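Descriptive analysis of the structure
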Amino acid sequence: MSTPQIRIPITRPAVGREEADAAAEAIMSGALAQGPRVAEFERRFAEMVGVKHAIAVANGTLAEEAIIQGLGIKAGDEVITVGHTFSATAASILRAGATPRFVDIDPVTWLMDPAAAAAAITPKTKALMPVHLFGLIADMNALGALATKHNLDMIEDACQAVGATQNGKQAGSFG
Ligand SMILES: Cc1ncc(COP(=O)(O)O)c(C=O)c1O
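The shown structure was predicted, so the numbers you read here are calculated from the model rather than taken from an experiment.

1. Overview of the overall build of the chain
Regarding its fold elements, the chain presents 6 helices and 6 strands. Moving toward the C terminus, one meets the helices and strands of the chain in the order α-α-α-β-α-β-α-β-α-β-β-β. Seen through its C-alpha atoms, the chain measures out along the principal axes to roughly 55 × 50 × 35 Å. Residue burial in the chain is summarised as follows: out of 175 residues, 25% are buried. Once local pairs closer than 6 in sequence are excluded, the contacts in the chain between residues at least 24 apart make up 57%.

2. Some remarks on the domain arrangement of the chain
Domain annotation of the chain identifies domain 1 (20-49) and domain 2 (60-170). Put simply, the middle of domain 1 and the middle of domain 2, counted by C-alpha atoms, are 29 Å apart.

3. Section: the nonpolar core
V79, M112, L128 and L143 are the most contacted members of the largest nonpolar core, which totals 30 residues. Where this core is concerned, the elements lending two or more residues are α3 (60-70), β1 (78-82), β3 (125-128) and α6 (140-149). With residues near it in sequence (within four places) discarded, M112 still touches V82, V103, I105, A117, P130, V131, A138 and L143.

4. Examining the site of the ligand
Taken together, N59, G60, T61, T85, F86, A88, T89, V131, D157, C159 and Q160 make up all the residues around the ligand. Elements with a contribution of two residues or more to the shell around the ligand: α3 and α4 (87-95). Residues of the shell around the ligand, tallied by class, amount to 4 nonpolar, 6 polar and 1 charged.

Parameters at a glance
- Residues numbered from 1 in each chain as written.
- Predicted model: local features only at pLDDT ≥ 70, side-chain atom pairs only at ≥ 80, totals over all residues.
- Helix = DSSP H or I, 4+ residues; strand = E, 2+ residues; numbered from the N terminus.
- Buried ≥ 20, exposed ≤ 12 C-beta atoms within 10 Å, placed from the backbone.
- Contact = placed C-beta atoms within 7 Å.
- Domains from an automatic or database assignment.
- Core = buried A, V, L, I, M, F, W, Y, C linked by C-beta atoms within 7 Å.
- Near = placed C-beta within 6 Å.
- Nonpolar A, V, L, I, M, F, W, Y, C, P; charged D, E, K, R; others polar.

This is the structure we're talking about:
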């Protein structure tokens, strides 16, 4: 007897005619890499998230690589993150030559456990990199305090949490 296949989507992209037409317009304009649409997207995205700047890149992996390398994180440095994520999180740390230090997740939220992060800090730690998974934001009060106390950069992997908020602040605006 064959088991019936049930598809449970973890996300439903909200894409319709308007988005398809806007994409077609950009393609037909010939401005495929930059142009007024990209500038408008960056401005409006920054406004939505509540930050000064947003820089559009081709995908989340590139965004994480650019942030980590832009912060000057390099070989010999450690970045605290979680294993319960997409591979790009750790790969972007490795790409900079640094070492990902994996810590446990909270059993209820499945997001970075601040106590576990605190216990993993060493003199080599340069940044915390919590992952906001499935639209849930990690405990940014506790993690933010930890980063401030130890003078660490805060890199949010918000690839799965665009538009999510915690205490009225958008994912991506805590870092
Ligand atoms: C948590 C997380 N981080 C990073 C990425 C990488 O994003 P992209 O696939 O756009 O490179 C993804 C993509 O699924 C993700 O889910």
